[in-house]
Amino acid sequence: MKFTKMHGCGNDYIYVDGAKEQIRQEQKPEIVKRLSDRHFGIGGDGVIFINPSTEADFEMEMYNMDGSRAEMCGNGIRCVAKFVYDEGMTDKTSISVISCGKIKYLDLFVEDGKVSTVKVNMGTPILKAADIPVISNADEVIGERIEVEDKIYEMTCVSMGNPHAVIFMDEVSSLPLEKIGPFFENHVRFPKRINTEFVKVLDEENVEMRVWERGTGETLACGTGACAVTVACVLNGLTKEQVTVKLLGGNLQIQWDREANLVYMTGPAVTVFKGEISI
């Protein structure tokens, strides 16, 4: 099977042209786990199959490294855009990509014939607790208390097509994320598990973020997480509507256009290497 290793701000995935590589659906979870293994496989936060679509220009079929299916990945979808343009699958610089039935619209910025940066219309943030989903007595979860391992945190929950809990803290660099991340991910209040962002607000235009992704663990970046963080910051009166989110793997520019109620994400997409592996 031919593949391309790519990353967006260090959030790395293995990309496969689903039109050329025919893999049975029931085989994919086990193949994904094997390929994602950083010691015995290619290594990545998961695998993304790029498939033909009748509803959009392309379909993104995304899997976490544990083989579970994920609805959306902001860093991943930027790399999908770079893949299809750089590989000559399209010559358009504005494309649509569908994932789990939801279509996103992307603008591609090209340098020397290759895509360097992508702006994604990530759509409308979902704030209703039942739709995220998160168990709460409130219709929206904004600054709500949650107890995790005998400690009280305040969370704001947002879905960007996948669920996020945003926790504001005074310091995140020394946070023992490997210890507390799994307790958030599998907390009883999150019926479909949760991606958790731990955030330090630097000023009204800059925040620092670390993320624990469900099914993967800590990653160097999370595009949907950065979008959720920006929405949470604005809802809590902490920042402006346009924010630079500083991640371990780089920076993302996020804007929540509240008038249109749309979130835009701009960031890099990078090809690491190509190869072929027996499956």
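Computed from a prediction, not measured in an experiment: that's the story for all the values here.

**Regarding the overall build of the protein chain**
Line of reasoning, step 1. Counting secondary structure elements, the protein chain contains 4 helices and 18 strands.
Line of reasoning, step 2. Overall size of the protein chain, expressed as C-alpha extent along the three principal axes, is 50 × 40 × 35 Å.
Line of reasoning, step 3. Within the protein chain, buried positions represent 54% of all 279 residues.
Line of reasoning, step 4. Intrachain contacts of the protein chain at a sequence separation of at least 6 include 61% that bridge at least 24 residues.

**With respect to the side chain of E213**
Line of reasoning, step 1. Among the secondary structure elements, E213 is positioned in strand β13 (residues 206-213).
Line of reasoning, step 2. One buried charged residue, E213, forms no salt bridge at all, with the nearest opposite charge on R214 at 7.4 Å.

**Structural notes on helix α4 (residues 223-235)**
Line of reasoning, step 1. For α4, spanning 13 residues, the distance from its first C-alpha to its last is 19 Å, which sits close to the expected 18 Å at 1.5 Å a residue.
Line of reasoning, step 2. By the criterion of burial, α4 is predominantly enclosed, with 12 of the 13 residues buried.
Line of reasoning, step 3. Regarding α4, the residues found buried are G223, T224, G225, A226, C227, A228, V229, T230, V231, A232, C233 and V234.
Line of reasoning, step 4. Once α4 ends, the next one or two residues include G237, with phi positive near 70°.

**Looking at the state of the cysteines**
Line of reasoning, step 1. For the structure shown, the criterion picks out 0 disulfides.
Line of reasoning, step 2. Distance from the sulfur of C79, which forms no disulfide, to the nearest cysteine sulfur (C73) is 8.0 Å.
Line of reasoning, step 3. The class for C79 is buried, based on a relative accessible area of 0%.
Line of reasoning, step 4. C233 takes part in no disulfide bond, and the closest cysteine sulfur to it belongs to C227, at a distance of 12 Å.
Line of reasoning, step 5. Since its relative accessible area comes to 0%, C233 is described here as buried.

**Regarding the side chain of N162**
Line of reasoning, step 1. Its location among the elements puts N162 in the loop between β10 (151-159) and β11 (163-168).
Line of reasoning, step 2. Its relative accessible area of 5% is what places N162 among the buried residues.
Line of reasoning, step 3. A distance of 3.1 Å separates the side chain of N162 from the backbone oxygen of M72, its partner in a polar contact.
Line of reasoning, step 4. Only 3.0 Å separates the side chain of N162 from the side chain of H164, close enough to count as a polar contact.
Line of reasoning, step 5. In this structure, N162 is in contact with E71, M72, N195, R214 and T224, ignoring residues within four places of it in sequence.

**Describing the pairing of strand β17 (residues 262-268)**
Line of reasoning, step 1. Pairing analysis gives 6 bridges linking strand β8 (residues 114-123) to β17, with the strands arranged antiparallel. Its bridge partner being in β17, N121 is matched across the sheet by Y264.
Line of reasoning, step 2. By the bridge criterion, 5 bridges tie strand β16 (residues 250-257) to β17 in an arrangement that is antiparallel. By the bridge assignment, Q253 is partnered in β17 with T266.

**A short note on the pattern of salt bridges**
Line of reasoning, step 1. The tally for this structure, following the rule as stated, stands at 17 salt bridges.
Line of reasoning, step 2. Among the ionic pairs, R24 bridges to E26, the shortest N-O distance being 2.8 Å.
Line of reasoning, step 3. For R24, a relative accessible area of 51% puts it in the exposed group.
Line of reasoning, step 4. Linking E144 and R189 is a salt bridge whose minimum nitrogen-to-oxygen distance equals 2.4 Å. Separated by 45 residues along the polypeptide, E144 in strand β9 (residues 144-148) and R189 in the loop between α3 (177-185) and β12 (195-203) bring together distant segments of the chain.
Line of reasoning, step 5. Because the salt bridges share partners, they merge into one network encompassing K5, D12, R38 and D45.

**A closer look at the packing of aromatic side chains**
Line of reasoning, step 1. Using the criterion set out here, one finds 4 aromatic pairs in the structure.
Line of reasoning, step 2. Taking 5.0 Å as the distance between ring centres and 70° as the angle between the ring planes, the aromatic pair formed by Y153 and F184 counts as edge-to-face. Taken together, the residues span a long stretch of sequence, with Y153 in strand β10 and F184 in helix α3 at a distance of 31 residues.
Line of reasoning, step 3. F184 sits in the buried class, given a relative accessible area of 0%.

**Quick word on α3**
Line of reasoning, step 1. Residues L177, I180, G181, F184 and E185 constitute the buried set of α3. Looking straight down α3, one finds that the buried residues subtend no more than 140° of arc, so they occupy a single side.
Line of reasoning, step 2. Each element contacted by the buried residues of α3 is listed here: β9, β10, β11, β12, β13 and β14 (217-219).

Each value, and the rule that gives it
- Residues numbered from 1 in each chain as written.
- Predicted model: local features only at pLDDT ≥ 70, side-chain atom pairs only at ≥ 80, totals over all residues.
- Heavy atoms only, no water.
- Helix = DSSP H or I, 4+ residues; strand = E, 2+ residues; numbered from the N terminus.
- Buried < 20%, exposed > 50% of the residue type's maximum accessible area, 1.4 Å probe, protein only.
- Contact = heavy atoms within 4.5 Å.
- Lys, Arg positive; Asp, Glu negative; His and termini not counted.
- Salt bridge = Lys/Arg side-chain N within 4 Å of Asp/Glu carboxyl O.
- Expected span 1.5 Å × (residues − 1).
- Disulfide = S-S within 2.5 Å.
- Polar contact = N/O pair within 3.5 Å; in protein donor to acceptor, adjacent residues only side chain to side chain.
- Pairing = 2+ DSSP bridges.
- Phe/Tyr/Trp six-rings, centres within 6.5 Å; stacked < 30°, edge-to-face > 60°.
- Arc of directions from axis to C-beta.

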